[in-house]
Amino acid sequence: MAIKHLTYSDFPLTTATANTTYVLDQDGAYNTNGIMIDLAATQGLKFQLNGSLYAKGHLLEYGTMGQSAPSIEISVGQSAYLQSGYNGFVVTGDGSTFRNAGTVVATGYGFEMHGNGMRVVNSGTIIAGDNYGVQLDGGDLRLANSGLIKGTVDMYSDAGTRSILVNSGQLESASWAVVAGAGDDTLVNRGHIRSNIQTGA
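What this report covers is the structure whose coordinates are included nearby.

## Comments concerning the sheet that holds strand β20 (residues 162–167)
- Spatially, β1-β2-β5-β8-β11-β14-β17-β20-β22 is the arrangement adopted by the nine strands of the open sheet, whose pairing is parallel. The two strands at the open ends of the sheet, each matched to only one other strand, are β1 (2–5) and β22 (184–189). Strand-to-strand, the axes of this sheet are offset by a mean angle of 10°, without reference to chain direction.
- As defined by bridge partners, β20 adjoins β22 across six bridges and the pair is classed as parallel. Looking across to β22, one finds that serine 163 is bridged to aspartate 185.

## A look at the nonpolar core
- In this structure, Phe47, Leu82, Phe89, Phe111, Leu136 and Leu143 are the most contacted members of the largest nonpolar core, which totals 43 residues.
- The contacts of phenylalanine 47, once residues within four sequence positions are left out, are Leu13, Tyr22, Ile37, Leu39, Leu60, Ile72, Glu73, Ile74 and Ser75.

## Thoughts on the packing of aromatic side chains
- As enumerated under the stated definition, the model contains seven aromatic pairs in all.
- Ring centres 5.2 Å apart and planes at 20° place the aromatic pair tyrosine 22 and phenylalanine 47 in the stacked group. Of the two residues, tyrosine 22 is situated in strand β2 (residues 20–24) and phenylalanine 47 in strand β5 (residues 45–49); the sequence distance between them amounts to 25 residues.
- Feature note: the residues Tyr8, Phe11 and Tyr30 constitute an aromatic cluster, connected by ring pairs.

How each quantity is defined
- Residues numbered from 1 in each chain as written.
- Predicted model: local features only at pLDDT ≥ 70, side-chain atom pairs only at ≥ 80, totals over all residues.
- Heavy atoms only, no water.
- Pairing = 2+ DSSP bridges.
- Helix = DSSP H or I, 4+ residues; strand = E, 2+ residues; numbered from the N terminus.
- Axes fitted to C-alpha atoms, helices over the stretch in contact; angles between N-to-C directions.
- Core = buried A, V, L, I, M, F, W, Y, C linked by side-chain atoms within 4.5 Å.
- Buried < 20%, exposed > 50% of the residue type's maximum accessible area, 1.4 Å probe, protein only.
- Contact = heavy atoms within 4.5 Å.
- Phe/Tyr/Trp six-rings, centres within 6.5 Å; stacked < 30°, edge-to-face > 60°.

Structure, rendered in structure tokens:
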């Protein structure tokens, strides 16, 4: 797989090469008035974000809601600070993964993912709009949190499917900390949940 190190001239990023890992180095710091990374469905994409990004729009938007797309893998390193004036990450693509060890700040969702088999691992900090912390929408959803998520965790599982949320960190919201969907949903809590939980249908 090819590796591409992102520089100032690459942003905003609107096209990507298939089977490529895009790396934002730790000393990279870039800003934009719109969407920072806006990509159509592309095979074999990976992002390793270790620096700082500031966007008035989404930090990253991938795929089109309601249309099938190859999976994408996004990793946010411990040194990263990513801030959005809208949603942080909006991803459509079955089997996609999001791993965060850094800091993501957004006025809307920290990340929003649509599709089946989505996997999220958060050991960092996600600070989002109170009702819009994290959203997973589809079937066979998995989220493991050992860090901090401020804002509602929406696990919108489809009927006849499963979702699992394992929390060993902290979930907090002024309204609902966790909202489950229409599927068979499981919450395992070994940490702290500072608000209400709404179970699904």
